[in-house]
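Results of the structural survey
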Amino acid sequence: MTLVDRFLKYVSFDTQSDESTGLTPSTSKQMVFAEYLKKELESLGLEDITLDEHGYLFATLPANIDKEVPTIGFIAHMDTSPDMTGKDVTPRIVEKYDGSDIVLCAEENVVLSPSQFPELLDHKGEDLIVTNGKTLLGADDKAGIAEIVSAMAYLKEHPEIKHGKIRIGFNPDEEIGEGAHKFDVERFGCEWGYTMDGGEVGELEFENFNAAAAKVTFKGRNVHPGYAKDKMINSIYLANRFITLLPTQERPEHTTGYEGFYHLIGIQGEVEQSSVSYIIRDHDRTKFENRKKEMERLVVQMNAEYGAGTVTLELRDQYYNMREKIEPVMHIIDTAFAAMEAVGVKPNVKPIRGGTDGAQLSFKGLPCPNIFAGGLNFHGRYEFVPIQNMEKAMKVIVKIAELVASK
């Protein structure tokens, strides 16, 4: 089976995660895919294959050399985003893309156009896998899985490429921030790993946001509007006031690079009670802590204005910037950098404006930077992946394995 065949097969599985279930995996359909992958890994002759009750699938490609070299791992996630359906994905291949508009769904006038997505033009002449305009594609992160499995198959078929012991791990629920929660780092047994979960060719990421989630609840007082003067407290207006107290320019739509933000992701309200939900992000740990303190300060301010207990805050950290765990072992970045250059890929080291399983794994004792998987426009109907991107990612995996064994 080729890399492309694998990918097309993998996206036929609906593996959307769901943060509301409280289960791991959050959806049973992820386990269906995991069972399929387990059988495929068995057919390829990998060893020590385990699939636990939470949907974590591990396997080993044994070393083909006698000398001691570090055991490394490659990791990808099985779930797709809750942002859009991943059921009945119907991909098609646009061969030798010519730079024009790609009609994904004529009946609904869904068009993938370089006027809206100029990155398309970086892939003229390449073969693009696109959606039918009604679902996401699932390259995030089934491209990563296909690349890892294909790299293991390639190394099995080419014993002349010397490598140490390689572990692979496929996990559920990355898209809801829980992919690493039950990942058994000790059982995985690697000195370091790489998540194959980045976007464009060359991306190499070892910095990510520090992240927290906040829910602010506002208590009102409902009185018949005909008799409400000096009595009613409308919690919806309180919520609106809180929103306006946060800096307008520190929202995702106004920030880039290392700039952090407050992101309003949900609001519910009636006169009696309302709530707003935020995610808080910043690469700089001090600025991150200050953002949380600002939330707390505004709550104190509003309680002083409207009465104690009117506004309450639930605040929880989600993950931290992996940079502090990667910097002491920068040789793992150097290896990935060298592997990319060796296969003709220009490395593009950049901060992740988001999170990754690798961040949480790094804090669990497995340093784990993130490497490109090749897809673009994740989480929606305009998602696509150039076949050549996936081929390059697979070659990077193979080359990393070779370089680690050659030292």
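Keep in mind that what you see is a predicted model, and the values were worked out from it rather than measured.

1. Here we look at helix α6 (residues 285-306)
Along its 22 residues, α6 runs 32 Å from first to last C-alpha, staying within 8% of the 32 Å computed at 1.5 Å per residue. Within the span of α6, buried status applies to F288, R291, K292, M295, L298, V299, M302 and N303. Around the axis of α6, the buried residues are gathered within 135° of arc, so they sit on the same side. Within α6, the exposed residues directed more than 90 degrees away from the buried face are T286, K293, V300 and A304. Close packing links the buried residues of α6 with β11 (210-219), α5 (235-245), β12 (261-269), β13 (273-282) and β14 (311-319). N-capping of α6 is provided by D284, with a side-chain oxygen placed 3.0 Å from the backbone N of T286.

2. Focus on the nonpolar core
Core analysis: the largest hydrophobic core is formed by 65 residues, its most contacted members being F7, F74, M152, F170, I371 and I400. The leading source of residues in this core is helix α10 (residues 387-406), at 10 residues. Setting aside residues no more than four positions away along its own chain, F7 makes contact with I129, L137, G138, A139, K142, A143, A146, V385 and M390. Membership of the second largest hydrophobic core comes to 19 residues, among which are L246, Y262, Y278 and I280.

3. Regarding the pairing of β12
Two elements, β12 and β13, share 8 bridges in a ladder whose sense is antiparallel. What sits directly across from L264, in β13, is Y278. In this antiparallel pair of consecutive strands, β12 and β13, the connection spans 3 residues.

4. Comments concerning the UniProt feature "binding site: Zn(2+) 2" (unreviewed entry) in the protein
Per the UniProt record, "binding site: Zn(2+) 2" (unreviewed entry) is annotated on D140, E175 and H379. Taken along the chain, the residues just named run across 240 residues; in space they keep tight, none of their C-alpha pairs more than 9.7 Å apart. Residue position: D140 is located in helix α3 (residues 139-157). Judged by relative accessible area, which is 8%, D140 ranks as buried. With near-sequence residues (within four places) excluded, D140 lies in contact with H77, D79, T80, E175, D197, F378, H379 and E383. One polar contact links D140 to H77, side chain to side chain, over a distance of 3.0 Å. Locating E175 in the fold gives a position in the loop between β8 (166-171) and α4 (185-188). If sequence neighbours within four positions are ignored, E175 has contacts with S17, H77, D79, T80, S81, P82, D140 and H379.

5. Some words on the pattern of salt bridges
Under the criterion given, the structure shown has 19 salt bridges. In this structure, the salt-bridge partner of K38 is E42, at a minimum N-O distance of 2.9 Å. Here K38 pairs with E42, and both are found in helix α2 (residues 28-43), just 4 residues apart, close to one helical turn.

6. Points about the environment of E68
Topologically, E68 is positioned in the loop between β2 (57-61) and β3 (72-77). The class of E68 is exposed, set by a relative accessible area of 78%. Spatially, the C-alpha atoms of E68 and P247 are 54 Å apart, while their sequence positions differ by 179 residues.

7. As for the sheet that holds β3
Reading across the sheet, the 8 strands line up as β1-β2-β8-β3-β9-β16-β10-β15 and stay open at both edges, with mixed pairing between neighbours. Two strands bound the open sheet, and with one partner strand each, they are β1 (47-51) and β15 (348-349). Lying over the sheet, α2 contacts β1, β2 and β8, oriented at roughly 170° with respect to β1.

8. What about the sheet that holds strand β7 (residues 128-130)?
The strand order across the open sheet formed by 3 strands is β4-β7-β17, and the pairing between neighbours is antiparallel. Since the sheet does not close on itself, it has two edges, and those belong to β4 (92-94) and β17 (384-386), each with one partner. Pairwise comparison of adjacent strand axes, ignoring direction, gives a mean angle of 25° for this sheet. With 3 bridges joining them, β4 and β7 adopt antiparallel strand pairing.

9. Remarks on the pairing of β11
With respect to burial, β11 is a largely interior element, 8 of its 10 residues being buried. Relative to β13, β11 is paired through 10 bridges, and the arrangement is antiparallel. Opposite A211, over in β13, you have R281 as the bridge partner. By the bridge criterion, 8 bridges tie β11 to β14 in an arrangement that is antiparallel. When the bridges of β14 are listed, A211 appears paired with Y319.

10. A short note on the packing of helix α8 (residues 331-342) against α10
The geometry of α8 relative to α10 is characterised by a closest axis approach of 9 Å and an angle of 120° between their N-to-C directions. The angle between α8 and α10 places the two elements in the oblique class. Judged by the sense of rotation from one axis to the other, the crossing of α8 with α10 is right-handed. Facing T335, A336, A338, A339, M340 and A342 of α8, the residues of α10 in contact are V396, K399, I400, L403 and V404. Grouping the constituent residues of the contact of α8 with α10 by class yields 9 nonpolar, 1 polar and 1 charged.

Analysis parameters
Residues numbered from 1 in each chain as written. Predicted model: local features only at pLDDT ≥ 70, side-chain atom pairs only at ≥ 80, totals over all residues. Heavy atoms only, no water. Helix = DSSP H or I, 4+ residues; strand = E, 2+ residues; numbered from the N terminus. Expected span 1.5 Å × (residues − 1). Buried < 20%, exposed > 50% of the residue type's maximum accessible area, 1.4 Å probe, protein only. Arc of directions from axis to C-beta. Contact = heavy atoms within 4.5 Å. Polar contact = N/O pair within 3.5 Å; in protein donor to acceptor, adjacent residues only side chain to side chain. Core = buried A, V, L, I, M, F, W, Y, C linked by side-chain atoms within 4.5 Å. Pairing = 2+ DSSP bridges. UniProt positions renumbered as here; feature names shortened; annotations may be inferred. Salt bridge = Lys/Arg side-chain N within 4 Å of Asp/Glu carboxyl O. Axes fitted to C-alpha atoms, helices over the stretch in contact; angles between N-to-C directions. Parallel < 35°, antiparallel > 145°, perpendicular 65-115°, else oblique. Left-handed = near helix turned anticlockwise from the far one by under 90°. Nonpolar A, V, L, I, M, F, W, Y, C, P; charged D, E, K, R; others polar.

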